[in-house]
Structure formats: C-alpha cells, structure tokens
Amino acid sequence: MNRDETTPSSAPPNARPAPPEAGGKLFGLLAELADPESLMRACARVRDAGYTAWDAHTPFPIHGLDRAMGLGKSWVSAFVLVLGLSGAAFGMLMQWWISTRAYPLVISGKPLFSWPAFVPVMFECGVLGGALGALGGFLYKSRLPRHHHGLFASERFERVTDDAFFISIEASDPRFDAEETARLLREAGAHHVELVHA
Amino acid sequence: MEHPHEVTLPAGAIEVPPSSRWRRLPAIAGAVGVGALALSFALGRSDGPQLYHSYLVAYLFGLSLALGGLFFVLLQYATRAGWSVVVRRLAEHVMATLPLFALLWLPIGLWGFDDVFHHWAHPPPDDPVLAWKEPYLNPGAFYVRAAVYFAVWTLLAVWFWRRSRRQDEEREPAITRRLQSLSAPALILFGLTLTYAAIDWIMSLDPHWFSTIFGVYVFAGSVVAILAFLILVALSLRGSGLLDGVLTWEHFHDLGKLLFAFVVFWAYIAFSQFMLIWYANIPEETEWFIHRWHHGWQYASIFLAAGHFGLPFLFLLPQEVKRSRAGLTFAASWLLFMHYVDLYWLVMPSLHHEHFHVDLLDLTCLIGVVSLVFAVFAYLLVRGKLVPVGDPRLAESMALEVL
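Residues numbered from 1 in each chain as written. Chains lettered and ligands numbered in written order. Predicted model: local features only at pLDDT ≥ 70, side-chain atom pairs only at ≥ 80, totals over all residues. Heavy atoms only, no water.

Across its full length, chain A holds five helices and four strands. Ordered by position from the N terminus, the helices and strands of chain A form the series β-α-β-α-α-α-β-α-β. Burial status across chain A gives 34% buried among its 198 residues. Roughly 12100 Å² of accessible area belongs to chain A as shown, and the carbon and sulfur atoms make up 62% of that amount. (Helix = DSSP H or I, 4+ residues; strand = E, 2+ residues; numbered from the N terminus. Buried < 20%, exposed > 50% of the residue type's maximum accessible area, 1.4 Å probe, protein only. Areas by Shrake-Rupley, 256 points an atom, 1.4 Å probe, with all protein chains shown as cover.)

Right, dumping it as structure tokens:
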C-alpha cells in the first residue's frame, strides 16, 4: 500500500492532488463495508456471482476470508519445493566439485567425497533456496513489486490500512457491468460504492 | 480469558456413549496385556537376556509415549496454546499412565537387572573407564535415580491431570493460570528426568560410550510417538462419531504439521549425533555406531534413516496428506512402528552385536506393555469428558482455522 505521504487521512482534501476527472480509464468498482463480518458475507456473494477479477482489501488478516473469496490453494509452496531442492542439490554439488576437483585435499584421513560432512552446508543451501523461493514465489504470485495500482486513485481507499474494509471488482472482469455490479455490491451490504478511474 | 466464552458443545460428541465399542476396550486391552506379558515371562524363562532386552524395548516404547504425553500437555500450558485445547485431554490421559510405568519397571529393576546392565554393574576389575564412571553408574545410585524419576513423573502427571479434570466441573480460569505458571518449571524437571533416564536405561547398555545429545534424541522420538498416537486416537474417535464439530480437520492439519516438524527434528538430532562422532573418529565414541554398521545391523540403520525420516518427510510434505484420513492414518501408524524400530536399534545391538536377530519375545512383550498402557488410557478416556469443557480457551480451539 502506498502510504508514503506524511499527511494524516483526516487532513483537508486539498492537501493532496484532486482525483482525476471521470474521463480517465475505468479501473473498476470499489465497495466499502462496515466490518469483517459483512465483508465476508459480501465476498461470498461476489464469489457466487462468478466474478474472477476482483479482490478484498483489509487492514489485517481475516481468518476464513480466502474461503469466502473462493481462493484455492496457494501455490507458493511449489516455488519453495523446487528452489529448496535446487538449493540442496547445488550445495552438495558445489562441495563435491570443491573437494574432489578444485582442491582435492585429504582431511583427517577421510575420502575426498565425505558426504556426511557436506550435509550441513547442503541443508543450509536448501533452506536458503526454499526461503528465496517463498519470497520470489510470493512476489510473483502477488504481481509485486509494482509502483502503481488503479485503486490508489480513490481517496477513500487510503483508509484500508487503518480501519476500512473494501471489495474491488475490476472492469476487465467479463461479468463487469458498472450498474449491475454496483447493485450487487450494494445488495451484498456495501454502504459506499464508487467507480474508480485509473 | 477472565470470562470463558459460552460454548455450545454438540450433544453426544464429548462423552463416550454407554453402547460404544470404546467402553469394552479397557477390559479387552487389559486382558490381552496381562496375557501377553504372562506368555512373555513363561516363554522367556530360559533366556533372561533376550526376555529382558525385549521387555526393555517394549517398556521404553510405552514410556516414551507417556512422557511424550506429559511433554505435550506441559507445552500447551507453557505456550498458552489455544488451538490444542480439544486434543489436550487425550494427551492428558496418555500422561496419566505414567504411574503404571513404576510398576512395569519392576521386572527390569528386580529380575532383569543383571541380564541388562551387567556391563557396568559387574565391571571387569581392570577397566579404568568404568571405574571412573562408578560414582554415577552403580546399582545404588541407579535405583535412587529411578525412584526420583518415577516420583517426579507421577507427581507431575497426577497433579496436572487432576486439576484439568477439576476444571471440567468448576469452570475456573484460575486453574488454567495456575497450570500455566507451573508448566515451565515442570518442563525443566521433565527435561532433566528424561535425559537422565535415557542415560540410565539406554545409554548405559554400552557403558563406555557417551553422547551428550542422547537425551534430546530420545525426546525427539517420544514427541513423534505421542503426536502419531494422538492423531490415530483422534481419527478413530471421529470414526466412531465422537468429537464431531469439536475436533476438526484444522486440528488434524496442525497435528500433521507438528508430526512433520518433529520427524525433521528427530533427523536433525540423529544426524548431528552421528556426524560429530563420525567426524571426530575417536574409538570410544565410534564403537557404538560400528556395532550398528556390521553383522546385519547396517540394514537396520539404513531402514531407520529412510523410514523414520526420508519416507515420512516426503510423504507428509503435501498439504493434502495432512488433511486426509488415509494419509494421516498411514503416516501416524508408520511412524509409531518406526519409533519402535528406533528404540530397538538403540537397545538390541548391545545384546546381539554379533548378528541381527528378531525374537518372538519382542512381539509378545510389545503387545503386553502397549495393551496394558492402552487399557489404562481407554479406562480414563471413557470415564470423563473427551475435551476439557471448562477450559477458557475451548471456544478458541473449536474455532481454529489454519491460515
């Protein structure tokens, strides 16, 4: 969330640039909900209506929200597995190469390829690979880092890091219809729905 | 936590109904246990060393399970865990079998002592290492320490079990606070007694050998065992229609993750012990591993590494397995079996280091001890609530969601 300006959200509206006119490219609809419970209910409605290009935004993690949104399993674990195994393989191969090819030194009378001694480094390289896989997989799946997001055009949306709960439905969704979708969101319990132009 | 949430517990889910097959288990298991032990002692009359080594492995299997139960309960209080409240009662009953182990120890301590511990109890007069260890490794100190272990374990088990049960009636959050504050010192007592008991009853079988990580190794195995046991019991209770809506797949998922974690922890400790001894290559340390790498024991060692770590590590890795009845049943049963193999691998090479040998007495002793322990566990289980209904965190536990 881009909150690098130091102005508190209660500052007068003219403290920040005015929102662009409605002539900009339509990003989608932003609906505000009162609390986590109504957000969960609304998410279930949006999910059941068959929308795909949408998201929920909250100031803190909410248990069960992924289910209410119909999100499947997070496949960040696949990145962790592949990079973890690659890291472990790299760690072992590196030590094999160093100990038997690059610097073949006999240490305490043991064979050049003394694998038990290489396990700790292999393990640490595996952990490093897994951690980098988790970070990289998370960034990739979250489409991060990015320097802008269409929702930043909404002044209301600033409160998402304080005390507000939002659902956004993007105009790129095949089911998106400015009026129909707005009605669905209101019926689902949103007390404020606005069109956001990026 | 001052004011417990009112929880609506599904009727009939938290008590074993009179018609349930669980009610018949204590008597059946008790009869099987007494019968199998009687058979073991009848069969083993002529072969004391075999009988008491087999019995020791079976005893350690049961004991490590009960100590694992004690650790699980203490850990939940020490960490003020909310998620585990609905499974804690099962672990409390496993823990409450600890007094039985003072009784089950008597065959080893009275009749089997010379057959099992003769290496240090009757040392050759010219052995300087054993002479140096004599102030610790002598029969008098051995019996005194055993008495201390059983006193500590009985005291902790009975004390924690009684107060948790009393909370069922009194619904008093102060009981939870008291148990929480005492769980940390209790964990210290647990760690010390388990470590010294592992030294006395397993490590001393090879009295020249020493490993400072040994207590942690036995501890790691016992936690794997209790988690596997809790998963199996909880799954069969759910299979009997009990704990429905109380103990959910979220809890199984968390138990599965903990099981996975302790499989890795066990491997980490086992490998640390092996690697340091292999690397230093000092004769009095490597001897222990050499016994486990010759005369057929090398296959047991490979089987242990693959079966106690490699296979369960890969098998428990996917999330789906930890949320599946078949997956968890297999993983937990397999790991209980591997825990027995682990203890067998620790004890038996000191009897059969010239050849790998499996005896019928291994099986009868195991059935005997496990059945008796299970009889006590089931007896306690059917006579009370299946979950601590007065625990202030029960609602939190029932609402568990794995993120």
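A few words on the overall build of chain B. Along its length, chain B carries 16 helices and zero strands. Computed over C-alpha atoms, the radius of gyration of chain B comes to 21 Å, within 12% of the 22 Å expected from 2.2 N^0.38 for 403 residues, which places it in the range of a compact globule. In chain B, buried positions account for 56% of the 403 residues. Taking contacts inside chain B between residues at least 6 apart in sequence as the whole, the part at least 24 apart equals 83%. Each charge class in chain B can be summarised by its mean position, and for the 25 positive and 30 negative side chains these summaries are 12 Å apart. (Rg over C-alpha atoms; globule rule 2.2 N^0.38 Å. Contact = heavy atoms within 4.5 Å. Lys, Arg positive; Asp, Glu negative; His and termini not counted. Charge placed at Lys NZ, Arg CZ, Asp CG, Glu CD.)

This paragraph deals with the packing of aromatic side chains. A complete count under the given rule lists 63 aromatic pairs over all chains for this structure. Aromatic side chains Tyr 59 of chain B and Phe 101 of chain B sit 5.6 Å apart centroid to centroid with 70° between the ring planes, which places their arrangement in the edge-to-face category. Residue Tyr 59 of chain B is located in helix α2 (residues 48–78), and its partner Phe 101 of chain B is located in helix α4 (residues 98–111); the two are separated by 42 residues in the primary sequence. When sorted by exposure, Tyr 59 of chain B lands in the same class as Phe 101 of chain B, which is buried. The residue whose ring lies beneath Lys 110 of chain A is Trp 278 of chain B, and the NZ or CZ to ring-centre distance is 5.0 Å. The ring of Phe 260 of chain B carries Lys 322 of chain B above its face, with NZ or CZ at 5.4 Å from the centroid. (Phe/Tyr/Trp six-rings, centres within 6.5 Å; stacked < 30°, edge-to-face > 60°. Lys NZ or Arg CZ within 6 Å of the ring centre and 35° of its normal.)

All names here are of chain A. Spatially, the four strands line up as an open sheet ordered β2-β3-β1-β4, and their pairing is antiparallel. If you trace the sheet from one side to the other, it starts and ends with β2 (54–57) and β4 (192–197), each paired once. Within the sheet, the average angular offset between the axes of one strand and its neighbour, ignoring direction, is 20°. As defined by bridge partners, strand β1 (residues 26–33) adjoins β4 across six bridges and the pair is classed as antiparallel. Looking at β4, one finds that Leu 29 is bridged to Leu 195. Taken strand by strand, helix α1 (residues 36–48) contacts β1, β2 and β3 (165–170), and its axis lies near 20° from that of β3. Strand contacts of helix α5 (residues 178–187): β1, β3 and β4, with the helix running at about 15° to β1, the strand carrying the most contacts. (Pairing = 2+ DSSP bridges. Axes fitted to C-alpha atoms, helices over the stretch in contact; angles between N-to-C directions.)

Turning our attention to the packing of helix α3 (residues 85–95) of chain B against helix α9 (residues 214–239) of chain B. All names here are of chain B. Running from N to C, α3 and α9 cross one another at 120°; their axes reach a closest spacing of 10 Å. Relative to α9, α3 is oriented oblique. Note that α3 runs across α9; the crossing there is right-handed. Contact with α3, carried on its side by Val 87, Leu 90, Ala 91 and Val 94, involves Ile 226, Phe 229, Leu 230, Val 233, Ala 234 and Leu 237 of α9 and no other residues of that element. (Parallel < 35°, antiparallel > 145°, perpendicular 65-115°, else oblique. Left-handed = near helix turned anticlockwise from the far one by under 90°.)

Domains assigned within chain A are domain 1 (28–59 + 163–197) and domain 2 (76–141). Summarising the inter-unit geometry, the C-alpha centres of domain 1 of chain A and domain 2 of chain A are found 46 Å apart. (Domains from an automatic or database assignment.)

Together, Leu 93, Trp 96, Trp 97, Ile 98, Tyr 103, Leu 105, Ile 107, Phe 113 and Trp 115 of chain A together with Tyr 279 of chain B make up an exposed nonpolar region whose accessible area comes to about 1100 Å². For the nonpolar patch, the element with the highest residue contribution is helix α3 (residues 76–102) of chain A, accounting for four residues. According to the relative accessible area criterion, Leu 93 of chain A is exposed, its value standing at 54%. (Patch = residues over 30% accessible without salt bridge, like charges linked within 9 Å, V, L, I, M, F, W, Y side chains within 5 Å. Salt bridge = Lys/Arg side-chain N within 4 Å of Asp/Glu carboxyl O.)

Residue and element names in this part refer to chain A. In terms of residue burial, β3 counts as a mostly covered element, since five of its six residues are buried. Sheet topology note: the β2/β3 ladder contains four bridges and is antiparallel. What sits directly across from His 57, in β3, is Phe 166.

If you look at the interface, chain A gives 14 residues, while chain B gives 13 residues. When the two sides are added together, the surface that chain A and chain B hide from each other amounts to roughly 1200 Å², 68% of it contributed by carbon and sulfur. In terms of surface lost to chain B, no three residues of chain A exceed His 63, Lys 110 and Pro 116 of chain A, which account for 39% of the buried area on that side. Taken together, chain A and chain B are joined by one salt bridge. The tally of links between chain A and chain B comes to three residue pairs in polar contact (both at pLDDT 80 or more). Counting residues per element, the side of chain A that touches chain B draws most heavily on helix α4 (residues 115–141) of chain A, which supplies six residues. Residues that form the side of chain A that touches chain B fall into these classes: eight nonpolar, three polar and three charged. (Buried area = accessible area lost by both parts, 1.4 Å probe. Polar contact = N/O pair within 3.5 Å; in protein donor to acceptor, adjacent residues only side chain to side chain. Nonpolar A, V, L, I, M, F, W, Y, C, P; charged D, E, K, R; others polar.)

Moving on, we get to the confidence of the model for chain B. Low pLDDT means the predicted coordinates in that region are not meant to be read closely. A residue-level look at chain B finds 98% of positions with pLDDT of 70 or above and a mean pLDDT of 94. Interface confidence for the predicted complex, given as ipTM, is 0.82, next to a pTM of 0.89. (pLDDT = per-residue confidence, 0-100.)

Side chains carrying opposite charge are able to pair once their charged atoms draw close together. Here the structure, examined in full by the defined rule, presents 16 salt bridges over all chains. In this structure, the salt-bridge partner of Arg 156 of chain A is Glu 32 of chain A, at a minimum N-O distance of 2.4 Å. Here Glu 32 of chain A lies in strand β1 and Arg 156 of chain A lies in the loop between α4 and β3, a separation of 124 residues in the sequence. Note on Arg 156 of chain A: relative accessible area 31%, which makes it partly exposed. Glu 32 of chain A gets classed as buried once you look at its relative accessible area, which sits at 3%. Between Arg 183 of chain A and Glu 180 of chain A there is a salt bridge, with its nearest N and O atoms 2.4 Å apart. Taken as a pair, Arg 183 of chain A and Glu 180 of chain A lie in helix α5 at a separation of three residues, close to a single helical turn. The class of Arg 183 of chain A is partly exposed, set by a relative accessible area of 44%. By relative accessible area, which is 44% here, Glu 180 of chain A ends up partly exposed. Overlapping salt bridges bring together Arg 88, Arg 89, Glu 92, Asp 168 and Asp 391 of chain B as one network.

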